[in-house]
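Structural overview
Here is how the chains run, residue by residue.
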Amino acid sequence: MHPTNFMNEYVVPATEAWKADQSSKHLAIHAISQIDILAEVVANHIGRKAGPYRDDLGQRFPALAKIRDAHDSHKHGQLNRRSALFVSQGQRPDEAVDHGFFAGVTYLGGPPTQYTYLALTLNDGTAEHVYTLINDGLAAWAQEMADLGI
């Protein structure tokens, strides 16, 4: 399958479904998985072996390395792969709580309003917003596909 077709048939619908229900863990991991699977499709299209291509991709685009790790960690749990730098302990997206200021919700001069979001806890303990991870992953693929002329 051509990478553009895979993007249109699988990646875009998966990410749009998640964006419509951003609290859904199932939809988040489905979107992350489809973004990661695109690496295999592109590697095949350009005639490269998937593993080395994914390693190279992760060096150039840290978001894609995190997405690869998240997909593999979801699938396999604890990872032994040496290149699993960000997520390797079986982490999956989970609900997190933060505070922020929202127009029409936060009172002037009042404390920030609490909100929940999906986050992926990285190996170093930091929480990566799934929204940021998916958006950064899509931006990285847009750049990579443009660079490849796809």
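The model shown is predicted, which means the values in this text are computed figures rather than measured ones.

1. Quick notes on the overall build of the protein
When helices and strands are counted, the protein shows five helices and three strands. Residue burial in the protein is summarised as follows: out of 150 residues, 43% are buried. Partitioning the intrachain contacts of the protein with sequence separation of at least 6 by distance along the chain shows that 50% fall at a separation of at least 24. When the accessible surface of the protein is totalled, it reaches about 8200 Å², and 52% of it is carbon and sulfur.

2. Let's talk about the packing of helix 2 (residues 25–46) against helix 5 (residues 130–148)
Two elements in contact, helix 2 and helix 5, have axes whose closest approach is 10 Å; the angle formed by their N-to-C orientations is 15 degrees. Put simply, helix 2 runs roughly parallel to helix 5. Handedness of the crossing formed by helix 2 with helix 5: left-handed. Packed against helix 2, whose contacting residues are A28, A31, I32, I35, L38, A39, V42 and I46, the element helix 5 presents V130, L133, I134, L138, W141, M145 and L148 at the interface. Partitioning the contact of helix 2 with helix 5 into residue classes produces 15 nonpolar, no polar and no charged.

3. A look at the side chain of Q34
Residue position: Q34 is located in helix 2. Note on Q34: relative accessible area 10%, which makes it buried. The residues touching Q34, leaving out its near neighbours within four places in the chain, are F6, Y10, V11 and A14.

4. Some points on the packing of aromatic side chains
Using the criterion set out here, one finds two aromatic pairs in the structure. Between the aromatic rings of W18 and Y131, the centroid separation amounts to 6.2 Å while the plane-to-plane angle is 40 degrees, which identifies the pairing as tilted. In this pair, W18 is assigned in helix 1 (residues 3–20) and Y131 in helix 5, connecting sequence segments 113 residues apart. Taking relative accessible area as the criterion, Y131 reaches 40% and is therefore assigned partly exposed.

5. Quick word on empty space enclosed by the protein
Tallying each qualifying case throughout the model produces one cavity of 30 Å³ or more. If you add up the space inside the largest cavity, you get close to 70 Å³. Among the elements of the structure, helix 2, helix 3 (50–60) and helix 4 (62–76) are those that each provide at least two residues to the lining of the largest cavity. In terms of residue count, the dominant contributor to the lining of the largest cavity is helix 4 (four residues). Of the residues belonging to the lining of the largest cavity, the class tally is seven nonpolar, one polar and three charged.

6. Let's talk about the pattern of salt bridges
One pass over the full model with this rule turns up seven salt bridges. Its salt-bridge partner being D55, residue R68 comes within 2.7 Å of it at the nearest N-O pair. A residue pair is termed long-range when its members are at least 10 positions apart, and R68 in helix 4 and D55 in helix 3 qualify at 13 residues. For R68, a relative accessible area of 10% translates into the label buried. Judged by its relative accessible area of 35%, D55 falls in the partly exposed class. Between K66 and E128 there is a salt bridge whose closest N-O contact spans 3.1 Å. Taken together, the residues span a long stretch of sequence, with K66 in helix 4 and E128 in strand 3 (residues 127–129) at a distance of 62 residues. Given the relative accessible area of 15%, K66 is considered buried. In this structure, a network of salt bridges that share partners links the residues R48, D56, R60 and E144.

Calculation notes
Residues numbered from 1 in each chain as written. Predicted model: local features only at pLDDT ≥ 70, side-chain atom pairs only at ≥ 80, totals over all residues. Heavy atoms only, no water. Helix = DSSP H or I, 4+ residues; strand = E, 2+ residues; numbered from the N terminus. Buried < 20%, exposed > 50% of the residue type's maximum accessible area, 1.4 Å probe, protein only. Contact = heavy atoms within 4.5 Å. Areas by Shrake-Rupley, 256 points an atom, 1.4 Å probe, with all protein chains shown as cover. Axes fitted to C-alpha atoms, helices over the stretch in contact; angles between N-to-C directions. Parallel < 35°, antiparallel > 145°, perpendicular 65-115°, else oblique. Left-handed = near helix turned anticlockwise from the far one by under 90°. Nonpolar A, V, L, I, M, F, W, Y, C, P; charged D, E, K, R; others polar. Phe/Tyr/Trp six-rings, centres within 6.5 Å; stacked < 30°, edge-to-face > 60°. 1 Å grid on protein atoms, 1.4 Å probe; cavity = no way out; pocket = protein on both sides within 12 Å on 5 of 7 lines; lining within 4 Å. Points joined across faces, edges and corners; volume = space filled by probe spheres on them. Salt bridge = Lys/Arg side-chain N within 4 Å of Asp/Glu carboxyl O.

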